[in-house]
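Residues per chain are reported as follows:
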Protein chains: 2
Amino acid sequence: MATKRASQVKQSVWLTPRPARGRRSSRAGEGGPGSLDREVIVAAAVRLLDELGEPKFSMRALASRLDVTPMSLYWYVADKDDLLELALDVVAGEMALPEVGDGTDWQDGLRALAVTWRATMLAHPWAIRIYGDYLNIGPNSVRYSARALEIARSSPLSEADAMAALSAIFQYTYGFTATEVNWAEKAAEANGSTDDLIEEITEAVRDLPGVADSGIIVERPREPDHLLRERDFHRALDWLLIGMQSGLR
Amino acid sequence: MATKRASQVKQSVWLTPRPARGRRSSRAGEGGPGSLDREVIVAAAVRLLDELGEPKFSMRALASRLDVTPMSLYWYVADKDDLLELALDVVAGEMALPEVGDGTDWQDGLRALAVTWRATMLAHPWAIRIYGDYLNIGPNSVRYSARALEIARSSPLSEADAMAALSAIFQYTYGFTATEVNWAEKAAEANGSTDDLIEEITEAVRDLPGVADSGIIVERPREPDHLLRERDFHRALDWLLIGMQSGLR
DNA sequence: ACCTGAACACCGTTCAAGT
DNA sequence: ACCTGAACACCGTTCAAGT
């Protein structure tokens, strides 16, 4: 990730689309070793990433999952970076595209864009970790971005404001979801729920130098974390949308 | 990162603070090999991370920079994770704390919190990449968080809204800055400015399948990127603050 | 055309040993 | 108390070789 060719903008698989190699789906659904294929490899990568998480995922682990030598993968993908970029676009393909136009409100549209993005990333926590390392211009990502553009432009906002609105919604959603995923992963490592972890951390932080002696009160929320999270996520979206609206007069 | 002890919540150096080992600053400013110290190591780590970036930083590289064997570092820090967590708190120490109370507006306070956080992270791009992997409860981080709490509570918002407001500001700022850093890093890899990169990508994306044939117009902004970024960053903060304000009546 | 084996240049970290 | 050397269990990727 981000450790790529040091020169031009070949920064993406999608900009130098070598054709997928391997048997071109002759007799579909054959299975078993030997039936390698770029799509098969990428699909297996997504599943293994879901299983192991990004830090434990490796080319070697993927190869052994597919019952081949690590190096055989390199017949189909240029390197690990390219494979991950392909995997990201598979994930992007899972995002439900919100409707646009006539009946639907642009504010509902923007919210729906945020909601589907978050849901998809929560389903593949590794994806949000590497998301920023790639351009995300695969067919599925592009489809999503195009719809996002349409929705933003269907609003009464100026072109500049519409673009800023899209960025704002997206960057907030990115930050929120990344934080969310990190807590979930920390909780999983501690073999507990996010609530347990928050409880423990809150206790511990209370006794920290600089906290105990200052006047700050550190309270843990009295509400289950996932409910609070849901509410807070939408509350900030409300705030953003209200703010956007307000500029219209 | 995130590859830690699989059991309890010893998830942070700060929760199990082994005393820093090494000569306790006898005759300060001695320099040269042999004058190892936890602080010296962490400071060197920050500098090397600034220089190399996170992906190229390694315990071995740090050791060779300090003219010692890799393993000598492990006398002072438990592992790489702990070292990075310590480095992150050094960075947190660079954040300017906004004033709170009487004279100053809570909205200006929240904005200042976002601005200083972003500025600090832009100065140490590696920091934002690993930020989410740690609890960030070192003394400097805690000082910042405490001030953030004070500012939020100085607002007329309800306790719940004040907490949600803080999250919203922070998560938006995190998302915005992370995106910003990623673009800057991609530009650096391509040996060009962010503007050049955006230009090239925009051109390339235009010709992509699914873009060319659809009706979407992909235009590049007519304004230098850093200006646009500054404006957009603050515009979304405006929107959030307007939204928060609006709930008060 | 597709896959393998050996090898290279890396990692973080262990352990026992040196001073 | 502090530092080292050798070794282990990993990485991604090269290259030449097999079929």
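Being a predicted model, the structure only gives us computed values, none of them experimental.

Helix and strand counts for chain A come out as nine helices and zero strands. Along the chain direction, N to C, the helices and strands of chain A fall in the order α-α-α-α-α-α-α-α-α. In chain A, which comprises 249 residues, the proportion classed as buried is 48%. Of the contacts formed within chain A by residues at least 6 apart in sequence, a portion of 69% connects residues at least 24 apart. Counting every atom, chain A has about 11900 Å² of accessible surface; 54% of that belongs to carbon and sulfur.

Glancing now at the relation of the copies chain B and chain A. The transformation that overlays chain B on chain A combines an axial shift of 0.0 Å with a rotation of 180°, and the residual RMSD is 0.0 Å. The two molecules are tied by a two-fold rotation axis, judged by turn and shift. Interface overlap between copies is the fraction of interface residues in one copy that are interface residues in the other; for chain B against chain A it reaches 100%, indicating a shared surface.

The backbone of Asp67 of chain A shows a phi angle near 60°, a positive value even though the residue is not glycine. Phi is positive for Asn191 of chain B, which is not a glycine, with a value near 55°. Mapped onto the fold, Asn191 of chain B is located in the loop between helix 7 (159-189) and helix 8 (194-206). Owing to a relative accessible area of 62%, Asn191 of chain B belongs among the exposed residues under this scheme.

What follows is about the side chain of Asp89 of chain B. Residue and element names in this part refer to chain B. Relative to the helices and strands, Asp89 resides in helix 3 (residues 80-92). One buried charged residue, Asp89, forms no salt bridge at all, with the nearest opposite charge on Arg143 at 6.3 Å. One polar contact links the side chain of Asp89 to the main-chain amide nitrogen of Ser141, over a distance of 2.9 Å. If we ignore the near neighbours within four places in the chain, the residues touching Asp89 are Trp14, Gly138, Pro139, Asn140 and Ser141.

Before going further, it helps to spend a moment on the interface of chain B and chain A. One frequently used descriptor of interface size is the decrease in accessible area upon assembly of the parts. Across the contact, 59 residues belong to chain B and 59 residues belong to chain A. Between chain B and chain A, the buried area comes to about 5200 Å², and carbon and sulfur atoms account for 62% of it. Per-residue buried area on chain B facing chain A is highest for Gln171, Glu189 and Trp239 of chain B; these three make up 14% of the total on that side. In this assembly, chain B and chain A are joined by four salt bridges. One salt bridge connects Asp161 of chain B with Arg235 of chain A, and the closest N-O pair in it is separated by 2.2 Å. Taken together, the connections running from chain B to chain A amount to eight residue pairs in polar contact (both at pLDDT 80 or more). For the side of chain B that touches chain A, the element with the highest residue contribution is helix 7 of chain B, accounting for 15 residues. When its residues are assigned to classes, the side of chain B that touches chain A shows 35 nonpolar, 13 polar and eleven charged.

Below, the discussion takes up the pattern of salt bridges. Using the criterion set out here, one finds 30 salt bridges over all chains in the structure. With its nearest N and O atoms 3.2 Å apart, the salt bridge here joins Glu223 of chain A to Arg231 of chain A. Of the residues examined, Glu223 of chain A reaches a relative accessible area of 26% and is grouped as partly exposed. Residue Arg231 of chain A is classed as partly exposed on the basis of its relative accessible area, which comes to 40%. Here Glu203 of chain B ties to Arg206 of chain B by a salt bridge, and the two come within 3.4 Å at their closest N and O atoms. Of this pair, Glu203 of chain B and Arg206 of chain B both sit in helix 8, three residues apart, roughly one helical turn. A relative accessible area of 33% places Arg206 of chain B in the partly exposed class.

A word on the side chain of Thr202 of chain A. All names here are of chain A. Along the chain, Thr202 falls in helix 8 (residues 194-206). At 2.4 Å, the side chain of Thr202 forms a polar contact with the backbone oxygen of Ile198. The residues touching Thr202, leaving out its near neighbours within four places in the chain, are Val218, Glu219 and Arg220.

Residues and elements named next belong to chain A. Here chain A averages 89 in pLDDT, while 90% of its residues score no lower than 70. Between residues 1-7, whose pLDDT stays under 50, and residues either more than four places distant or in other chains, the model counts 27 contacts. Confidence over residues 25-33 falls short of pLDDT 50; this stretch has three contacts with residues more than four positions distant or in other chains.

So, on to the protein's contact with DNA strand C. DNA strand C sits among 17 residues. The nearest are Thr69 and Tyr76 of chain A together with Arg60, Met71 and Tyr74 of chain B. When atoms of DNA strand C within 4 Å of the protein are split into backbone and base, the sugar-phosphate part holds 57%. Between DNA strand C and Thr69 of chain A there is a distance of 2.9 Å, counted from a phosphate oxygen to a backbone nitrogen or oxygen. Lys80 of chain B is positioned with one of its backbone polar atoms (N or O) 3.0 Å from a phosphate oxygen of DNA strand C. Grouping the amino acids of the surface near DNA strand C by side-chain chemistry returns eight nonpolar, five polar and four charged.

All names here are of chain A. Mapped onto the secondary structure, Ser35 falls in the segment before helix 1 (38-52). The buried category is assigned to Ser35, whose relative accessible area is 16%. A sequence separation of 154 residues divides Ser35 from Glu189, and the C-alpha atoms of the two residues are 36 Å apart.

What follows concerns the UniProt feature "DNA-binding region" (unreviewed entry) in chain A. When the UniProt feature table is mapped to this numbering, "DNA-binding region" (unreviewed entry) covers residues 58-77 of chain A. Taken end to end, residues 58-77 of chain A comprises 35% helix and 0% strand; its first and last C-alpha atoms sit 14 Å apart.

The next thing to look at is helix 1 (residues 38-52) of chain B. Residue and element names in this part refer to chain B. Taking 1.5 Å as the rise per residue, helix 1 with 15 residues should run 21 Å; its terminal C-alpha atoms sit 21 Å apart, in good agreement. For helix 1, the set of buried residues is Arg38, Ile41, Val42, Ala44, Ala45, Val46, Leu48 and Leu49. Close packing links the buried residues of helix 1 with helix 2 (59-65), helix 3 and helix 5 (125-131). With a side-chain oxygen lying 3.1 Å from the backbone nitrogen of Glu39, the N-terminal cap of helix 1 falls on Asp37.

Calculation criteria
Residues numbered from 1 in each chain as written. Chains lettered and ligands numbered in written order. Predicted model: local features only at pLDDT ≥ 70, side-chain atom pairs only at ≥ 80, totals over all residues. Heavy atoms only, no water. Helix = DSSP H or I, 4+ residues; strand = E, 2+ residues; numbered from the N terminus. Buried < 20%, exposed > 50% of the residue type's maximum accessible area, 1.4 Å probe, protein only. Contact = heavy atoms within 4.5 Å. Areas by Shrake-Rupley, 256 points an atom, 1.4 Å probe, with all protein chains shown as cover. Least-squares fit on C-alpha atoms with pLDDT ≥ 70 in both. Lys, Arg positive; Asp, Glu negative; His and termini not counted. Salt bridge = Lys/Arg side-chain N within 4 Å of Asp/Glu carboxyl O. Polar contact = N/O pair within 3.5 Å; in protein donor to acceptor, adjacent residues only side chain to side chain. Buried area = accessible area lost by both parts, 1.4 Å probe. Nonpolar A, V, L, I, M, F, W, Y, C, P; charged D, E, K, R; others polar. pLDDT = per-residue confidence, 0-100. Near = heavy atom within 4 Å. UniProt positions renumbered as here; feature names shortened; annotations may be inferred. Expected span 1.5 Å × (residues − 1).

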